[in-house]
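Each chain, letter by letter, is given below.
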Amino acid sequence: MKFSERWLRTFADPALSTEELAHALTMAGLEVEANEPAAPPFDKVVVGEIVAMSRHPNADRLNICQVSTGTGALLQVVCGAPNARVGMKAPLAQVGATLPKIQIEASKLRGVDSQGMLCSATELGVSDDSSGLLALASDAPLGVNFREYWQLDDALLTLKLTPNRGDCLSILGIAREVSAITGARLRAPELPELAVTIQDRLGVELRNPEACPLYCGRVVGGINVGAKTPWWIVSRLERSGLRSISPVVDATHYVMLEIGQPTHAFDLGKLTGNIHVRFGRAGERLVVLNGDDVEITPDLLVIADDAGPVALAGVMGGLSSGVSDTTTDLFLEAAFFEPKVITGRARRLGISSDAAHRFERGVDFGATRAALDRLTQVIVEICGGEVGPITQARSTLPSRKPVVVRLARARRVLGIELTKGDVESVLGRLGLPFKMEADRFEVTPPTHRFDIEIEEDLIEELGRIHGFDSIPATLPIAEQMIAASSEGTSGDSQLRAQLVARGYQEVITFSFVPRAWELDFAGQDQPIELANPIASHLEVMRSQLFGSLVECLQQNLRRKRARVRIFELGRSYLKDGAGYRQPLRLAGLAYGGATPEQWGTPARWVDFFDVKGDIAGLLVRAGVVTAPATHPAFHPGKCAQLRLGGTQVGWLGELHPQWRQKYELPQAPVLFEIDVESIRQHAVPTFLEHSRFPLVTRDLAVVVPEKVAAGELQAHLWAHRSPIVHDIVLFDLYRGKGVAAGEKSLAFRVLLQDTQKTLTDAEVEIALQALLEQVRQKYDGRLRD
């Protein structure tokens, strides 16, 4: 929010310098991010009038002007401005004046003396208009200092407002804050009662009152649309970052900046029938004021007449019903639109709109009618006209629920000794109505404060007005205890450290992703859609991390990185009935050589088993095993599930050739993804007594169905082993003669040992038979012949 300090001081004028005022606003939570002068310094520039003008004898484009400054003597000035004319008043830089880019001296131009310079707005640094002289009003007093007349000794302040402070998107809102912070008297604009001189009106129908519970309209007839906007309005608009367009449009912008209520003016002659506030219908279109042709969708609220939409409610008016040079009658509107109905619509349509910026944050619905009166007053003062009665359509407006703040709670949160009188004073200065009972204050938020909903909001107000910089810095006094951590739990930092140790680098990416990624890498055709995406292509929430890693790989390849190892520890987002789940996932990608290029190791491309080894090292204590599977992101024959105790906890695989081609990758990377919560708990290594007795080795070859994963079988045997079984190692896989089709032979080396005695053959045989029985029961296997 950019504004003129002079304009603000017409509402509240504290005894503070510009720098002190900016500091006070910043300390109260309204950060002043820019403080700049309205114009660069210059001197000896006065108001002059051209009283006579003749052609320069030696130059076709120059004129010799006789300029009066009201002192009697005329000054001769050579001027080449195309708009120079007799009777025109313009700034005159006298001899000796210092302008932003030039020093004025007495000189000769093509042989003719020139005693100064008539100035354009650009030469004075007050605007970018260099088309001619800066024309001043006909009643501008001659000889007066131009800086004083144009009020250029002004500062332009820019506030960096947080989204919850929509009430400060106006001079009146900022003045309320200044008054509360400094104690300066608040002077709101006076609204004299407007006499209704015509009875013309349009009917208004609220077809969707939940979206627009209040709409006010009024006819103003017989205006002079060719009138000139007064300089004081033009200058305030320009110093707020808006250019002057036409008197009616300038009036709507002025009222919006002054009191925060966006308004709109329709050409009454271009409207058909009555006004209807409703949601759009399929097939409707509207060309808005900036020339965009907008397709109306059912979630867009529109202002329509009997023939169809004439404006996008809360965003922008339609071109066909806009005010033009031929307009004589107006229909003015001021309304309150529910913020959630306006939020994100302008961004989605690619429209930049000051009105939408305010309606999204909430406008003061208690001042809607007053805003229409103020707009009418300004338009009639500029353009004249006859005023009609206000037509108001109203439904149920948002309720302002009381909020209770407890004195003890405020003291504890802020760390200062507030008294009841302090709280009463702050609430009174902020204009917050309240009832007091004991140490409780029940506050009813006014209609312009949408940000006050809970007790902490009021505590923040107490802290702001008291002054955050006035709160003493005190160290907290509390017992500190180091929380015990379980040795059997892996933290995020441990997982990161293990992957970094294996040559991976961490990346952090957006949770918002393109829709195509969800379809390609997850087979998800109904992802979680964002109502208000930060960019048009980042429109859904990710359910997997593969797409983000592939994009990182693309960026690395564009920068000629031949070997890439990356991982991300981040959340994915899944629908869960009527709600959502946000599981934490660990995902990684490997691309390029299996090892860094060196003379001692032959070059080899990283493959599925290299990354499987990385995962095995990462999860060795969690007991994760792999099982063949299929996944939309992976090569059909190079994909596996990661399983823990029979439950799927992740995926491992080589990128599908289709996606390698689509995403223009020279080779296919290998990727994995693991559910972190499933692998946090793991077995803790325990001490085993060293045995002094012989180790017994037996080989156990079993035949099992082809679908049985060796790792899963090995883990099952280990979980159901006899206490004397010291280790179980897979050493052979066989398919062929002697083994039926659809089956395979797996050979395990079983190491047995007891810490108390030498094992007998019977004890060894019992332990092996127990393992074999597990193979029969669980996997329908048998001992190989």
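All of these numbers come straight from a predicted model, not from anything done at the bench. (Residues numbered from 1 in each chain as written. Predicted model: local features only at pLDDT ≥ 70, side-chain atom pairs only at ≥ 80, totals over all residues. Heavy atoms only, no water.)

Section: helix α21 (residues 710-719)
When α21 is considered as a whole, its buried residues turn out to be A710, L713, H716 and L717. What you see down the axis of α21 is that its buried residues fit within an arc of 130°, all on one side. The inward-facing, buried residues of α21 abut β37 (696-705), β38 (725-734), β39 (743-752) and α22 (761-779). (Buried < 20%, exposed > 50% of the residue type's maximum accessible area, 1.4 Å probe, protein only. Helix = DSSP H or I, 4+ residues; strand = E, 2+ residues; numbered from the N terminus. Arc of directions from axis to C-beta. Contact = heavy atoms within 4.5 Å.)

Things to note about the state of the cysteines
Here, the word disulfide means a covalent bond between the sulfur atoms of two cysteines. Across all of its chains, the model carries zero disulfides by this definition. Summary of cysteine pairing: C79 is not part of a disulfide, and the nearest cysteine sulfur, belonging to C65, is at 5.0 Å. C79 sits in the buried class, given a relative accessible area of 5%. (Disulfide = S-S within 2.5 Å.)

With respect to a nonpolar patch on the surface
Residues V287, L289 and L319 make up a contiguous nonpolar surface patch of roughly 230 Å² in combined accessible area. With respect to the element layout, L319 can be found in the loop between β19 (316-317) and β20 (330-336). The class of L319 is partly exposed, set by a relative accessible area of 45%. (Patch = residues over 30% accessible without salt bridge, like charges linked within 9 Å, V, L, I, M, F, W, Y side chains within 5 Å. Areas by Shrake-Rupley, 256 points an atom, 1.4 Å probe, with all protein chains shown as cover. Salt bridge = Lys/Arg side-chain N within 4 Å of Asp/Glu carboxyl O.)

Brief notes about the side chain of R9
In this fold, R9 is placed in helix α1 (residues 5-9). The exposure class of R9 is buried, given its relative accessible area of 16%. Reaching out from R9, the side chain makes a polar contact with the backbone oxygen of L16 at a distance of 2.7 Å. In contact with R9, not counting residues within four places along its chain, are P14, L16, S17, T18, L21 and R187. (Polar contact = N/O pair within 3.5 Å; in protein donor to acceptor, adjacent residues only side chain to side chain.)

As for the packing of helix α7 (residues 247-259) against helix α11 (residues 368-383)
Contact geometry for α7 and α11: axes closest at 9 Å, N-to-C directions at 140°. On the basis of their axis angle, the class for α7 and α11 is oblique. Handedness of the α7/α11 crossing: right-handed. When α7 is examined against α11, the residues P247, V248, A251, T252, Y254, V255, E258 and I259 are found in contact with a partner set consisting of A371, R374, L375, V378, I379, I382 and C383. A per-class count over the contact of α7 with α11 returns twelve nonpolar, one polar and two charged. (Axes fitted to C-alpha atoms, helices over the stretch in contact; angles between N-to-C directions. Parallel < 35°, antiparallel > 145°, perpendicular 65-115°, else oblique. Left-handed = near helix turned anticlockwise from the far one by under 90°. Nonpolar A, V, L, I, M, F, W, Y, C, P; charged D, E, K, R; others polar.)

Some thoughts on the sheet that holds strand β40 (residues 782-783)
Picture the strands of a sheet paired through backbone hydrogen bonds; they go either parallel or antiparallel. Pairing is antiparallel in the open sheet, where four strands are placed in the order β38-β39-β37-β40. With one partner strand each, in any of the chains shown, β38 and β40 form the two edges of the open sheet. Bridging between β38 and β39 involves eight bridges; their strand directions are antiparallel. Residue pairing in the sheet places D732 in a bridge with A747 of β39. Where α21 meets the sheet, it contacts β37, β38 and β39, and its direction lies at approximately 160° from that of β38. Its contacts with the sheet put α22 on β37, β38, β39 and β40, and the angle it makes with β37 is roughly 15°. (Pairing = 2+ DSSP bridges.)

Re the packing of helix α12 (residues 407-414) against helix α14 (residues 455-466)
Across the interface, α12 lies against α14 with an axial gap of 10 Å and an inter-helix angle of 65°. In the packing of α12 onto α14, the handedness of the crossing is right-handed. Where α12 approaches α14, its residues R409, A410, V413 and L414 are matched on the opposing element by E455, E456, I459, L462 and G463. Class assignment for the residues of the contact of α12 with α14 results in five nonpolar, one polar and three charged.

Side note on the pairing of strand β22 (residues 403-406)
A regular strand carries its side chains on alternate faces of the sheet. Side chains V403 and V405 of β22 all project onto a buried face; the interleaved residues V404 and R406 project onto a face where none is buried. Looking at chain direction, β22 and strand β24 (residues 440-443) are connected through four bridges and run antiparallel. Looking across to β24, one finds that V405 is bridged to F441.

Side note on the nonpolar core
Burial of nonpolar side chains together is a common tendency in soluble globular proteins. Counting 114 residues, the largest nonpolar core has Y215, I303, L312, F331 and F337 as its most contacted members. When neighbours within four sequence positions are excluded, I303 is seen to be in contact with Y215, F266, I275, H276, V277, P309, V310, A311, A313, E333 and F337. Judged by nonpolar contacts, the second largest core, of 27 residues, contains V540, L549, W651 and Y663. (Core = buried A, V, L, I, M, F, W, Y, C linked by side-chain atoms within 4.5 Å.)

Side note on the packing of aromatic side chains
A complete count under the given rule lists 19 aromatic pairs for this structure. Plain terms: the ring middles of Y149 and W150 are 6.3 Å apart, the flat faces sit at 50° to each other, and that makes the pair tilted. Look at F510 and F512: their rings are 6.1 Å apart centre to centre, the planes differ by 25°, and that puts the pair in the stacked class. Classification of F510 as exposed rests on a relative accessible area of 51%. By relative accessible area, F512 is classed as partly exposed at 26%. (Phe/Tyr/Trp six-rings, centres within 6.5 Å; stacked < 30°, edge-to-face > 60°.)

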